[in-house]
Structure formats: C-alpha cells, structure tokens
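Residues per chain, in single letters:
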Amino acid sequence: MTAGRAPSTTDNIAGTTVLVTDPAALVDWEMCTVGDPLLDLGWLLVTWPVDPVGFGAGTELAGHGGLPTRAELVAAYTDAGGRDTTGNTWYAGLAAFKLGVVLEGTWARVAAGEAERAVGERLHAAAVALLELAVRIARDEWGLSAG
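Residues numbered from 1 in each chain as written. Predicted model: local features only at pLDDT ≥ 70, side-chain atom pairs only at ≥ 80, totals over all residues. Heavy atoms only, no water.

Draft legend 1. Expanded view of the packing of helix H1 (residues 38–47) against helix H3 (residues 70–81). It is at 10 Å that the axes of H1 and H3 come closest, and there the two elements cross at 160°. On the basis of the axis angle, H1 is roughly antiparallel to H3. Note that H1 runs across H3; the crossing there is right-handed. In this structure, H1 contributes Leu38, Leu41, Leu44, Leu45 and Val46 to the contact, and H3 contributes Arg70, Leu73, Val74 and Tyr77. Each residue belonging to the contact of H1 with H3 can be placed in one class, and the counts come to 8 nonpolar, no polar and 1 charged. (Axes fitted to C-alpha atoms, helices over the stretch in contact; angles between N-to-C directions. Helix = DSSP H or I, 4+ residues; strand = E, 2+ residues; numbered from the N terminus. Parallel < 35°, antiparallel > 145°, perpendicular 65-115°, else oblique. Left-handed = near helix turned anticlockwise from the far one by under 90°. Contact = heavy atoms within 4.5 Å. Nonpolar A, V, L, I, M, F, W, Y, C, P; charged D, E, K, R; others polar.)

This is the structure in structure tokens:
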C-alpha cells in the first residue's frame with residue numbers, strides 16, 4: 001500500500017477487463033440504485049443538520065445559520081419535481097437504516113484488523129445513532145412530518 005492511499009481492488013471499476021493502473025475514481029456500485037428518487041430525499045432529510053438533528057452530521061455547517069427547515073426542503077423538492085412526498089417519513093426511516101448499516105461495516109473492519117479503531121468507534125457510534133433514529137422515525141417520534 002502506498003502511503004496516504006487506501007487499499008483497493010478493481011472489482012468496482014467499470015470495465016475491469018482493462019488494466020487500470022491509476023484510476024481517477026472508484027464507484028461503490030452497491031450504493032447506486034435505479035430506484036425511487038424519494039430515497040434520495042430521505043437521505044437528505046436524515047443527514048440534514050437542523051433540529052431535530054439526526055446523528056450529528058454537518059453541525060459546523062448548521063452553525064453558520066440560514067439553512068432551510070426539513071419542511072422547506074420537502075416543499076422545494078415537491079415544487080421542483082412535482083413528486084408526491086407524503087411518504088417522506090418512510091423514505092427517511094429507510095435511509096437512516098441503510099446508512100447505519102453501511103457505517104457499521106467499518107466497525108466490522110476494525111474487528112478484522114482492517115481499519116483504525118478510533119475511526120471505527122466514531123462510525124459505530126454514528127451507526128447506533130442512525131439505527132435508533134430509524135426506530136424513532138418508524139414510530140413517528142422524530143417530528144419529521146412537522147419539518
């Protein structure tokens with residue numbers, strides 16, 4: 001492994017039959033979906049750094065003020081695309097669950113000796129918070145529908 005570069009394989013590079021010696025980017029195809037775009041809205045709502053804060057992402061950004069509320073985001077999304085967003089709570093719950101599972105993967109890598117413990121602990125705490133958030137959203141205890 002080269003200093004400062006993470007180990008990687010070419011399994012996730014499009015056209016892996018070609019020898020790639022210095023890729024410009026890697027795409028995690030497992031997270032790419034051709035599905036309901038409302039899941040993207042769910043991810044945005046869950047990670048949006050305004051009260052009620054989901055799991056602490058973006059607090060520095062939020063500290064500058066001026067960010068719209070979640071209700072304003074949903075309204076802008078609806079106005080721009082014309083999609084029915086009445087199911088946004090379900091999509092936010094799914095997004096919280098999915099992101100929690102992804103982050104928990106780093107904790108598994110720590111257990112296998114493949115990731116730094118400090119990073120794993122931080123991401124594990126975020127994963128636990130996201131999974132707890134998913135439960136609160138499912139129980140309609142997060143106040144997402146209110147914005």
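Draft legend 2. Summary view of the environment of Asp51. Mapped onto the fold, Asp51 is located in the loop between H1 and helix H2 (59–63). Overall, the relative accessible area of 66% leaves Asp51 in the exposed class. (Buried < 20%, exposed > 50% of the residue type's maximum accessible area, 1.4 Å probe, protein only.)

Draft legend 3. Region of the structure containing the side chain of Arg70. Looking at where Arg70 falls in the secondary structure, it is placed in helix H3. Judged by its relative accessible area of 1%, Arg70 is buried. A distance of 2.7 Å separates the side chain of Arg70 from the backbone oxygen of Trp48, its partner in a polar contact. (Polar contact = N/O pair within 3.5 Å; in protein donor to acceptor, adjacent residues only side chain to side chain.)

Draft legend 4. Expanded view of unusual backbone geometry. Within the chain, Asp140 stands out as a residue other than glycine whose phi angle is a positive 60°. Tracing the backbone shows Asp140 in the segment after helix H5 (117–138).

Draft legend 5. Representation of the nonpolar core. Of all hydrophobic cores here, the largest spans 20 residues; its most connected members are Leu41, Val46, Ala96, Leu103, Leu130, Leu133 and Ile137. Broken down by element, the residue count for this core peaks at 7 residues, all from H5. (Core = buried A, V, L, I, M, F, W, Y, C linked by side-chain atoms within 4.5 Å.)

Draft legend 6. Just the confidence of the model for the protein chain, in detail. Taken as a whole, the protein chain shows an average pLDDT of 79; of its residues, 73% reach a score of 70 or greater. Looking across the protein chain, the model is least confident in H2, with a mean pLDDT of 83, and most confident in H5, with 91. In the model, residues 1–8 has pLDDT below 50 throughout and makes 4 contacts with residues more than four positions away in sequence or in other chains. (pLDDT = per-residue confidence, 0-100.)

Draft legend 7. Quick peek at the pattern of salt bridges. Evaluated as defined, the whole model comprises 1 salt bridge. Glu121 is the partner of Arg117 in a salt bridge, and the nearest nitrogen-oxygen pair spans 3.0 Å. With Arg117 and Glu121 both in helix H5, this residue pair falls 4 residues apart, about one helical turn. What makes Glu121 partly exposed here is its relative accessible area of 39%. (Salt bridge = Lys/Arg side-chain N within 4 Å of Asp/Glu carboxyl O.)

Draft legend 8. Structural view of the packing of aromatic side chains. Taken as a whole, this structure holds 1 aromatic pair when the rule is applied. Ring centres of Trp90 and Tyr91 lie 5.0 Å apart, and the angle between their planes is 85°; on these two criteria the pair is classed as edge-to-face. Overall, the relative accessible area of 57% leaves Trp90 in the exposed class. With a relative accessible area of 16%, Tyr91 lands in the buried category. (Phe/Tyr/Trp six-rings, centres within 6.5 Å; stacked < 30°, edge-to-face > 60°.)

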